[in-house]
Every structure is written in C-alpha cells, then in structure tokens.
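# Descriptive structure summary
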There are 2 protein chains.
Amino acid sequence: MNNLSELLTDTQFNIVFNMLSLGIASMLFTTFFLVLARDRVLPRYRLAVLISATVTGIAAYHYFRMFDSFNHAFSSLDGAMNNAAVYNVGYRYVDWLLTVPLLLMEIVAVLALTRQLQSSLLKRLVPAAALMIVLGYPGDAKLDIWGIAPSVWGLLSTIPFLYILYVLFIELSKSLVRQSAGVQKKIKQLRLLLIATWGVYPIAFIFAMNSDGFVADQFVAREVGYTIADILAKCLFGLLIFSIARMKSAEDDAEFAKTEFRD
Amino acid sequence: MNNLSELLTDTQFNIVFNMLSLGIASMLFTTFFLVLARDRVLPRYRLAVLISATVTGIAAYHYFRMFDSFNHAFSSLDGAMNNAAVYNVGYRYVDWLLTVPLLLMEIVAVLALTRQLQSSLLKRLVPAAALMIVLGYPGDAKLDIWGIAPSVWGLLSTIPFLYILYVLFIELSKSLVRQSAGVQKKIKQLRLLLIATWGVYPIAFIFAMNSDGFVADQFVAREVGYTIADILAKCLFGLLIFSIARMKSAEDDAEFAKTEFRD
C-alpha cells in the first residue's frame, strides 16, 4: 500500500496500518468467541468470561477509532493531513482506564473466592489501576499540567503499579493454596503474562520521552509495541481466563466434566 | 460495471471485484450458520464448531477490508487512484496469521481427544502454523529484510509447513485408530482438503515471484486463486468439522441420535 505521506515511509505506514487492523480483528473475534462460549463453563464462572468479553469489546471499539485516526493523520489518500498531531493518543488511555480495572476483576472473578475476600481485593485493585492510568497519561501525551515533567508523571504512576503487584503476588497468593495444582499453575502463568505485557507500556513510554518532535521510528516502535502488548494482555489473557474457568468447572462438577470432556 | 481503471481491463476488474464479494458472502454466512447450528451437536463438540465460526468471522472482516482496498486502488469511481500499490496485501497475511493456527485447533478439538494429548498436539501445531505465515510474508510482499531474497523466505516457510504435515499425518494417525470408520474417513478427507487448498498458496506465491512490476494477469490469477483456496480451506473445512461433530455426537449418545435423526 502506498500512503503518499511525507511523515512515514511506505513500509512504516504499512506496518502501523496492518498492526492496527490486526488489533481490530483480534479484539473483535475474541469478544465474539467468549460471548458464544460462555455456556461452556459453570454459571459461577460466567461473569469472569463475560468481563473478559467486555474488555476485548471495549478495545475493539478503540482500535476501530485508532485505525481511522491513523489514516486521517498520515494517509493523504484519506484527508491529506500529514499531521502527526492529528493522531489521537487519548484513545489508548481512555481504553486502558476502562479495561485495566476490568482485567484485574477478571482474575478475582475466575477464582470464585468468598464474597468478602473478593470485595476486599477489588476495593484495593480497581482504584489503584485507575490511578495508574490517570497518572501515566499527562506524561505520555506530554501535557503541561502544573509544570510537572513527563518523567515525574511516569514515576508517580509506577507507585500504584507496584501496589497492584504487591496485592497480586502477596495477598492473592494466600488464597491460591485452596486451588488445585492445575489452577495454581494457570494463575501463575496469568500473573507472569500480566507483568510481561504491562512492562511493555513503561518501556514504550521511556522511548517516547527522549524526543521533542515527531520521530517516525519511535512512533512506529511504540504503536507496534502497544498493539502487541494489548493483544497479549487482553485477548490471550481473556482466553486463559476462559481455560481456567473451564478447568475449575470440570473440577467442581463431575457431571459437567463428563458432558464437556472425553476423559 | 465499468471501472475506468487504466491498470485492469473491465473484465479483469469485474472478476476480482466479484470474487472478493463472493468471499465476503461465503465467510459471513458460514459464520452465521455455524453460530446458529452449534446446538445441533453435543456440548463436547461445540467449541470445535465455535472455533470454525471464529475463523470464518475473522476472514469475513478481512474480505470486507480487501474489497474496500481493491476499490480504492483500482476503481476511478472510488477515489481515482489507479495505483496498484494502494491495494494492501497485508490483510491476507494478518488473516492467515490468526486463522491458520485456529484451523489446526478445529481438527484437534473435534476429535475430543484426552486433554493431555490435545495440549501436546496444539503446542506443536500452533507455533509451527504462525511461523509458516510470518516467514511467508516478506517473500510475498517483497520486503527487503536483511537482504534476503523472496524465494529464500518462501523456502524457509516450507519447513514449518512440512512439520505440520508430519504431525497431522504421522502423529495424529496414531489417535485415529480409536475413532469409528465413518469419522476416520471424514478426518482423512479433511486432511486432503487441507493439503489441496494450502498447496494453492505457494503456487500463487511462485507465480508472483517472476515479475518485478505490476502484471495484471498475474494479479487477477493470484486474487482468484487465494479467494477460492480461502473459501475451501475455511468455509468447506468448517462445515466438514460440523458434520464430523454431528456424526460423533450421534455415535456418543443414542438419545441425541434419536432426537436429531430419523433412523
């Protein structure tokens, strides 16, 4: 594809264009699958699967918007803007503000803990997640609020991130002992996936910090990095939640296991 | 319809235009049918049917995009570009990257093997399928990566393809002995369909390799070949999966057989 843009080479334009389209397809059809497959787990795990589908659904909406925003900003076939400032970074942050707290709810919901323990975990994880995103935005978008430097906003948003890790690795571990060995293994995979993918965001953030104007290579690396991280953190994460829900359903109910599995 | 394009004759334009529309209709309504027909098989086969529907759904999205991209590139009624480079080859590869691993999951899921055997097969088939597509793209799109020639990328992507054939024909055959004669026959049809249709892609690839610029005849042959192969490998394949699931459901459960069939 030829973009006729003055800001990105054809190859750079195509990479971002196709990555955003991959984002749309991944989010949209993970949603499709999870909605239709929700009855393949016991009722007590269906909310966890539906929250996963809501997360990928919200992300699908934002990827459609980002795809259009990218074309509008960089393709002279679609408006002839050639103006990087037209590309709206805000979509990613609005998306994360809604989806990151929901991702933490998925983990808690799929464990089917006591209602008291569940509510105590959520009361700490959800506000911390929202705070992390809100503090990260002014740094990434380079907004001048109260004269605070981007790097300081980045550092501030690390505090709730570390608190979330503490709750997931120390507090949550206490309730894991009651789960089966198979479920414990999957939950540990889930936590590692979360750290590995969430780690991409601050790295992309730091990359972007070193420049003042528009640097094409950095822009491409950041969009690709964010998109891959989003697909792993939402689609793969949601499918892992589904497979934990299915494993726990089979453990909870022998009749269900016989209907759904051969062995 | 008259395209007023300088790159394709009216006939050539109409052939590709109508093939892409056939692609949309086939993918969209195979998805529609499989989603609505999923309850006509036993619960343990429903995930296989849902994965088939997800595959055709993802392909429907990409055929809509390709149809628009084709019009944008070749029809002067729709932007007057007359620029073959505007047609985005990336959509096909993004589609295959998502759907080819899922097609292999369909076969494994419909056999309702033990969970251990299933996971061992998928751990080998899914990464091999993704690798095959990723290695094929730079060759087909003629990207200059590390100065490696397109034909070399094509050859490299043949290695995971042969590995997939080995797993499907040697490893999977061991587990086929436990299936009924009717199911064995259908699975063998499925494998042949897979080889026959996947064989179209490297042939189209080799055709495209011999030219540097845009050759209208080759372009048309490739788009027609890819579209027919896609319809067979996804729609026909998915419907065969559905019919295997129905056959196995009737074998597993006499009550189900009585409700669903006359004999």
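Scroll up to find the structure this text is about.
Here we summarise the structure given alongside this text. From a predicted model like this one, the values you see are computed outputs, not experimental measurements.

### Topic: the overall build of chain A
Secondary structure summary: chain A contains nine helices and zero strands in total. Tracing chain A from N to C terminus, the helices and strands come up as α-α-α-α-α-α-α-α-α. Whereas a compact globule of 263 residues would reach a radius of gyration of roughly 18 Å, chain A reaches 20 Å, a difference of no more than 12%. In terms of its C-alpha atoms, chain A occupies a principal-axis envelope of roughly 65 × 40 × 20 Å. Counting only residues that meet the buried cut, chain A has 53% of its 263 residues in that class. Within chain A, residue pairs in contact and separated by at least 24 positions form 77% of the contacts whose partners lie at least 6 positions apart. Per element, the accessible surface of chain A, about 11,400 Å² overall, is 65% carbon and sulfur.

### Considering the environment of Thr259(B)
All names here are of chain B. Examined against the element boundaries, Thr259 turns out to sit in helix H9 (residues 254–260). Residues Thr259 and Leu193, 66 residues apart in the sequence, show an inter-C-alpha distance of 31 Å. In terms of polar contacts, Thr259 uses its side chain to reach the backbone carbonyl oxygen of Glu255, at 2.7 Å.

### Let's talk about unusual backbone geometry
Glycine aside, negative phi is the norm for most residues, and most peptide bonds take the trans geometry. Residue and element names in this part refer to chain A. Even without being glycine, Ala112 reaches a positive phi, approximately 50 degrees. Position of Ala112 relative to the elements: it lies in the loop between helix H3 (90–110) and helix H4 (115–140). A relative accessible area of 33% places Ala112 in the partly exposed class.

### Remarks on the interface of chain B and chain A
Each partner contributes residues to the interface: chain B has 35 residues there, and chain A has 28 residues. When chain B packs against chain A, close to 2,800 Å² is buried across both sides, 63% of that on carbon and sulfur atoms. Taken together, chain B and chain A are joined by zero salt bridges. Viewed at the interface, chain A and chain B are joined by three residue pairs in polar contact (both at pLDDT 80 or more). Within the residue set of the side of chain B that touches chain A, elements represented by two or more residues are helix H1 (10–37), helix H2 (43–74), helix H3 (90–110), helix H4 (115–140) and helix H8 (216–252) of chain B. Of all the elements, H2(B) adds the most residues to the side of chain B that touches chain A, at 15 residues. Class assignment of the residues belonging to the side of chain B that touches chain A gives a composition of 19 nonpolar, nine polar and seven charged.

### With respect to the relation of the copies chain B and chain A
Once chain B is rotated about the relating axis by 69 degrees and shifted along it by 0.2 Å, it coincides with chain A to within an RMSD of 0.1 Å. Such values leave the two copies arranged in the relation of a five-fold axis. For chain B, the residue whose C-alpha comes nearest the rotation axis is Leu36(B), separated from it by 9.0 Å.

### Examining the packing of aromatic side chains
Taken as a whole, this structure holds 34 aromatic pairs over all chains when the rule is applied. Measuring from ring centre to ring centre gives 6.1 Å for Phe70(A) and Tyr87(A), while their planes differ by 85 degrees; the resulting arrangement is edge-to-face. Pair noted here: Phe70(A) is in helix H2 (residues 43–74) and Tyr87(A) is in the loop between H2 and H3, with a separation of 17 residues, a long-range link. The same class applies to Phe70(A) and to Tyr87(A), which are both buried. An aromatic cluster of three or more residues is present, and its members are Phe13(A), Phe17(A), Phe67(A), Phe70(A), Phe74(A), Tyr87(A), Phe219(A) and Tyr91(B). The ring of Phe261(A) carries the charged tip of Arg115(B) above its face, separated from the ring centre by 4.1 Å. Above the face of the Phe169(B) ring, Arg191(B) is positioned so that its terminal group lies 4.3 Å from the ring centre.

### Re the side chain of Glu223(B)
Residue and element names in this part refer to chain B. Examined against the element boundaries, Glu223 turns out to sit in helix H8. Within the structure, Glu223 has its side chain in polar contact with the side chain of Arg92 (distance 2.7 Å). Once you skip the residues sitting within four places of it in the chain, Glu223 turns out to touch Val16, Leu20, Tyr87 and Arg92.

### Quick notes on the side chain of Lys248(A)
Residues and elements named next belong to chain A. Tracing the sequence through the fold places Lys248 in helix H8 (residues 216–252). No salt bridge is formed by the buried Lys248, whose closest oppositely charged neighbour, Glu251, lies at an N-O distance of 5.6 Å. Other than its neighbours up to four places away in sequence, Lys248 contacts Tyr45, Val110, Leu111, Gln179 and Val183.

### What to know about the packing of H1(B) against H2(B)
Residue and element names in this part refer to chain B. Interhelical geometry of H1 versus H2 gives an angle of 155 degrees and a closest axis separation of 8 Å. Classed by the angle they form, the pair H1 and H2 counts as roughly antiparallel. In the packing of H1 onto H2, the handedness of the crossing is left-handed. Here the residues of the contact of H1 with H2 sort into 19 nonpolar, eight polar and no charged.

### Side note on the pattern of salt bridges
Under the criterion given, the structure shown has 20 salt bridges over all chains. Asp39(A) serves as the salt-bridge partner of Arg46(A), at 3.9 Å between the closest nitrogen and oxygen. According to the relative accessible area criterion, Arg46(A) is partly exposed, its value standing at 26%. Of the charged contacts in the structure, one is a salt bridge between Glu260(B) and Arg246(B), with a shortest N-O distance of 2.9 Å.

Definitions and limits used
- Residues numbered from 1 in each chain as written.
- Chains lettered and ligands numbered in written order.
- Predicted model: local features only at pLDDT ≥ 70, side-chain atom pairs only at ≥ 80, totals over all residues.
- Heavy atoms only, no water.
- Helix = DSSP H or I, 4+ residues; strand = E, 2+ residues; numbered from the N terminus.
- Rg over C-alpha atoms; globule rule 2.2 N^0.38 Å.
- Buried < 20%, exposed > 50% of the residue type's maximum accessible area, 1.4 Å probe, protein only.
- Contact = heavy atoms within 4.5 Å.
- Areas by Shrake-Rupley, 256 points an atom, 1.4 Å probe, with all protein chains shown as cover.
- Polar contact = N/O pair within 3.5 Å; in protein donor to acceptor, adjacent residues only side chain to side chain.
- Buried area = accessible area lost by both parts, 1.4 Å probe.
- Salt bridge = Lys/Arg side-chain N within 4 Å of Asp/Glu carboxyl O.
- Nonpolar A, V, L, I, M, F, W, Y, C, P; charged D, E, K, R; others polar.
- Least-squares fit on C-alpha atoms with pLDDT ≥ 70 in both.
- Phe/Tyr/Trp six-rings, centres within 6.5 Å; stacked < 30°, edge-to-face > 60°.
- Lys NZ or Arg CZ within 6 Å of the ring centre and 35° of its normal.
- Lys, Arg positive; Asp, Glu negative; His and termini not counted.
- Axes fitted to C-alpha atoms, helices over the stretch in contact; angles between N-to-C directions.
- Parallel < 35°, antiparallel > 145°, perpendicular 65-115°, else oblique.
- Left-handed = near helix turned anticlockwise from the far one by under 90°.

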